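Descriptive analysis of the structure
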Amino acid sequence: MAFMRPLGNTGLTVSALGLGTVKIGRDKGVKYPSAFTIPDDKSVVELIAQARDMGLNLIDTAPAYGRSEARLGQLLQDRQHWVIVTKVGEEFDNDSGDSHFDFSPEHVRTSVERSLKRLNTDYLDCVLVHSDGNDLDVLNMGTLDALNDLKKAGLIRATGMSSKTVAGGIGTLDQADVAMVTYNLAHDEELPVIEHAAARNKGILIKKAFASGHLHNQGKDPVQESMNKILGTPGVGSIIAGTINPQHLRENVEKARRACGE
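Now for a quick tour of the structure. (Residues numbered from 1 in each chain as written. Predicted model: local features only at pLDDT ≥ 70, side-chain atom pairs only at ≥ 80, totals over all residues. Heavy atoms only, no water.)

It is worth spelling out the overall build of the protein at this point. Scanning the protein from terminus to terminus reveals nine helices and twelve strands. When the backbone C-alpha atoms are referred to their principal axes, the protein occupies close to 50 × 45 × 35 Å. Here the protein holds 262 residues, and the buried ones make up 55% of them. Long-range pairs, those at least 24 residues apart, make up 74% of the contacts in the protein with a sequence separation of at least 6. When the accessible area of the protein is evaluated, it comes to approximately 11,200 Å², of which 47% is carbon and sulfur surface. (Helix = DSSP H or I, 4+ residues; strand = E, 2+ residues; numbered from the N terminus. Buried < 20%, exposed > 50% of the residue type's maximum accessible area, 1.4 Å probe, protein only. Contact = heavy atoms within 4.5 Å. Areas by Shrake-Rupley, 256 points an atom, 1.4 Å probe, with all protein chains shown as cover.)

What follows is the structure in structure tokens.
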């Protein structure tokens, strides 16, 4: 399997590893094993440049990631190079550190228009519904329909959901282009969603590939083992891995390329 791969039938080609950007915009209410400091602009620019130099073209953000979208809009250069994934549904308050959800079609439109402004772009490559866990309820609210309308209007190239259940992931793929699912050494319950996508040429993005830094020590190199398993699974487009550590980024890219046989 190649390092650059199609994201289902979206027409998008993505690197097997994508850069997650929670840590450039939010440090409250996050579940990482160790504390971190949000990096300054110079560090973010250098990290993005390193990611690009190492062959990454996928970057993942969300309104729920605090200032992440706005910072990317200021600091991301060469928009055409990047496949930008953002989300709708979860809102984060920087002052209180709390999240809340709004899946109404009206909020979808407002959120997408705000993301376009924040990211300083006139189109979004992929917009996913940021599920609260009640996937099927969200699918019945018209949330994806609203995203698909914005796709028809040319503001979005691909739509989907960051889902949390098998039924939600499969339901998403029946209505949209992409599902983002959890899959790692310790969690393969959502494999049926990946198989559903592979059979229908739909897109799959992987979250929590390393269990948000809590990967159990299975084998001598659990990160490489997880990469091998995930990127060797038919239907997987890309792993979204969030890091602000240049050394971690370098190691992750090397291991992803190794898992792809490069």
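Attention shifts here to the nonpolar core. Of all hydrophobic cores here, the largest spans 57 residues; its most connected members are Leu-17, Val-112, Leu-147, Ile-204, Ile-206, Leu-231 and Ile-239. The contact partners of Val-112, leaving out residues within four places of it in the chain, are Val-88, Leu-124, Val-127, Leu-147, Leu-150 and Ile-156. Counting residues in each nonpolar core, the second largest holds 13 residues, with Leu-7, Val-83, Cys-126 and Ile-240 among its members. (Core = buried A, V, L, I, M, F, W, Y, C linked by side-chain atoms within 4.5 Å.)

Okay, the pairing of strand S7 (residues 98–101) next. As paired strands, strand S6 (residues 90–93) and S7 are joined by four bridges and run antiparallel to one another. Paired with Glu-90 across the bridge in S7 is Phe-101. Two successive antiparallel strands, S6 and S7, enclose a turn made up of four residues, where Gly-97 displays a positive phi of approximately 80 degrees. (Pairing = 2+ DSSP bridges.)

What follows covers the pattern of salt bridges. For the structure on display, the rule yields 14 salt bridges. A salt bridge links Asp-125 to Arg-157; the shortest N-O distance between them is 2.9 Å. Of the two residues, Asp-125 sits in strand S8 (residues 124–130) while Arg-157 sits in strand S9 (residues 156–162), which places them 32 residues apart along the sequence. For Arg-157, a relative accessible area of 40% translates into the label partly exposed. The shortest N-O distance in the salt bridge between Asp-188 and Lys-229 comes to 3.9 Å. Taken as a pair, Asp-188 in the loop between strand S10 (178–182) and helix H7 (191–200) and Lys-229 in helix H8 (residues 222–231) lie far apart in primary sequence, 41 residues in all. Shared partners join several salt bridges into a network, and the residues in it are Arg-79, Asp-125 and Arg-157. (Salt bridge = Lys/Arg side-chain N within 4 Å of Asp/Glu carboxyl O.)

Attention shifts here to helix H5 (residues 143–152). Every buried residue of H5 is accounted for by Thr-143, Leu-144, Ala-146, Leu-147, Asn-148 and Leu-150. For H5, the elements touching its buried residues are strand S5 (83–88), helix H3 (105–118), S8, helix H4 (135–139), S9 and helix H6 (166–175). Two residues or fewer after H5 comes Gly-154, characterised by a positive phi angle close to 90 degrees.

A word on the environment of Glu-91. Checked against the element boundaries, Glu-91 lands in strand S6. Sequence separation between Glu-91 and Asp-102 is eleven residues, and the spatial gap between their C-alpha atoms is 7.6 Å. Apart from residues no more than four positions distant in its own chain, Glu-91 is found in contact with Pro-63, Asp-98, Ser-99, His-100, His-107, Ser-111 and Arg-114. A polar contact is formed between the side chain of Glu-91 and the side chain of His-107, at a distance of 3.0 Å. Here the side chain of Glu-91 touches Arg-114 through a polar contact of 2.8 Å, side chain to side chain. (Polar contact = N/O pair within 3.5 Å; in protein donor to acceptor, adjacent residues only side chain to side chain.)

Okay, the packing of aromatic side chains next. Under the counting rule described, the total for this entry stands at one aromatic pair. Residues Phe-101 and Phe-103 carry aromatic rings whose centres are separated by 5.7 Å and whose planes lie at 20 degrees to one another, so their mutual orientation is stacked. Judged by its relative accessible area of 35%, Phe-101 falls in the partly exposed class. Since its relative accessible area comes to 6%, Phe-103 is described here as buried. Positioned above the aromatic ring of Tyr-123, the side-chain terminus of Arg-79 is 4.1 Å from the ring centre. Over the ring of Phe-3 we find Arg-257, and its NZ or CZ is 4.0 Å from the ring centre. (Phe/Tyr/Trp six-rings, centres within 6.5 Å; stacked < 30°, edge-to-face > 60°. Lys NZ or Arg CZ within 6 Å of the ring centre and 35° of its normal.)

It is worth spelling out the environment of Gly-29 at this point. Secondary-structure assignment places Gly-29 in the loop between strand S3 (17–20) and helix H1 (41–53). The class for Gly-29 is exposed, based on a relative accessible area of 62%. When the C-alpha positions of Gly-29 and Phe-92 are compared, they lie 9.7 Å apart, and in sequence the two are 63 residues distant.

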